[in-house]
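Here are the chains, one letter per residue:
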Amino acid sequence: MKRLLLPLLLAITHLCHSQSIISFADSVRQHYKVPELAFAVVSSDSVLECHVLGVKRANTTYAAQPGDRFHIGSNTKAITSFIAALLVKEQKIQWNTTILTVFPELRWRTRYVYDTVTLANLLTFRGRLQGYSYDSETPTFKELHGDYAAQRMQLAANFLTQAPQKLDKNGLTPSNLDYITAGLMLEKASGKSYKTLVQELGTRLGINFHFDYPNLKDTMQPWGHDENLQPLAPAESYKMNWLLAAGNINVSLEEYTRFVRLQLLGLKGKSDLLPKKTFEQLLFGMPQFSYGWFNPPQLPQHHVAFNEGNAGAFITRVHIIKEADRGYVIFTNAATPATKDAVDVLLKELTRLYGE
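This structure is a prediction, so every number in the text was calculated from the model and none was measured.

Definitions and limits used
Residues numbered from 1 in each chain as written. Predicted model: local features only at pLDDT ≥ 70, side-chain atom pairs only at ≥ 80, totals over all residues. Heavy atoms only, no water. Buried < 20%, exposed > 50% of the residue type's maximum accessible area, 1.4 Å probe, protein only. Helix = DSSP H or I, 4+ residues; strand = E, 2+ residues; numbered from the N terminus. Pairing = 2+ DSSP bridges. Contact = heavy atoms within 4.5 Å. Expected span 1.5 Å × (residues − 1).

### Thoughts on the pairing of strand β9 (residues 315-321)
Counting buried residues in β9 gives 7 out of 7 residues, a clear majority hidden from the surface. Judged by which residues are buried, β9 turns out to be covered on both faces: Ile315, Arg317, His319 and Ile321 on one side and Thr316, Val318 and Ile320 on the other are all buried. Two strands pair when backbone bridges link them, and strand β8 (residues 304-310) and β9 are joined in this way by 7 bridges, in the antiparallel orientation. Each residue of the ladder has a partner; that of Phe306, found in β9, is His319. Once β8 ends, the chain turns through 4 residues before running back antiparallel as β9, passing Gly312 with a positive phi of about 95°. Judged from the 6 bridges that link them, β9 and strand β10 (residues 326-332) form a sheet pairing that is antiparallel. In the strand pairing of β10, His319 is matched with Tyr328. With antiparallel pairing between neighbouring strands as the criterion, β9 and β10 make up a hairpin whose turn holds 4 residues, including Asp325 at a positive phi of roughly 50°.

Pasting the structure below:
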């Protein structure tokens, strides 16, 4: 009888615990006026929490549902880097492959400072290209021509003619242009479009990756909200398409947890896709910012990798804590200052409960 009671008591305890954190998360959501908030806690072998709360669009009754999709912004970078690692494993490209090795036609107009910039440099924010994001004023759509792939190539080529960015205090030169250029290199090396590479990875992991804001394809998906909490109507953005490999994936929380758990499994040497040393390289191989992951100095034997996505309508945060075997994911559909505060408060409580 005792053997039967113990699992039941554990299940009841976990249920009460989950109900408590759901209540806390929803109170945070309401206090900071976040329309929809989704969060998950995972380990390498299980999903400990996975919940979606609120409404898909502010001032409506469109209730949040499992399977709702969120634009993950710069968390795309870890996916791009993972694809790069798979292509390196397949010997289709190398970490030390330079931009001009892949695109020799750009040599005549590229500044000498970029001659030795490699794929690894680009993916670790050490490419020295000038900054560019979704709110940059130039170039405009009219200044480039052809389809989006051609425009991304022109964008990268134009920035290769510009003076390099100065190193920041951490020795980095953060720029979405690094990832735009890296994405172009991966396309050329594989002979496949970036979207195809992402979708092939999704097939392997059981994840249905999409692109652009979720409501562009389905208005019943969550709408993003700007810094004034105004919902953004469906509209195609040329800048988001230029930033494809840097930050234009959308995905559901439930499916994205598979990518986060993959990192934890890999750090334990339990993934068939890549060896343990490659996962260590991706998350912690370079100081401050590795391959799609920030990793500032931590306490001894305490390795934390994280990133935040924010393309002006959704804020998403992902933390991976190696020693705790924990991954924390928080998705929202708003980009207000208060939303950032909500994410901080919820993350602090989750790590307190589950380990940091």
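### Points about the environment of Ala25
Examined against the element boundaries, Ala25 turns out to sit in helix α1 (residues 2-31). Separated by 233 residues in sequence, Ala25 and Arg258 have C-alpha atoms that sit 22 Å apart. For Ala25, the residues in contact, after removing those within four places along its chain, are Leu37, Phe39, Leu53 and Leu346.

### Details of helix α2 (residues 76-89)
Here α2 is 14 residues long and its end C-alpha atoms lie 20 Å apart, about the 20 Å a rise of 1.5 Å per residue gives. For α2, the buried fraction is high: 13 of the 14 residues fall into the buried class. Positive phi appears at Gln91, one or two residues downstream of α2, with a value of about 60°.

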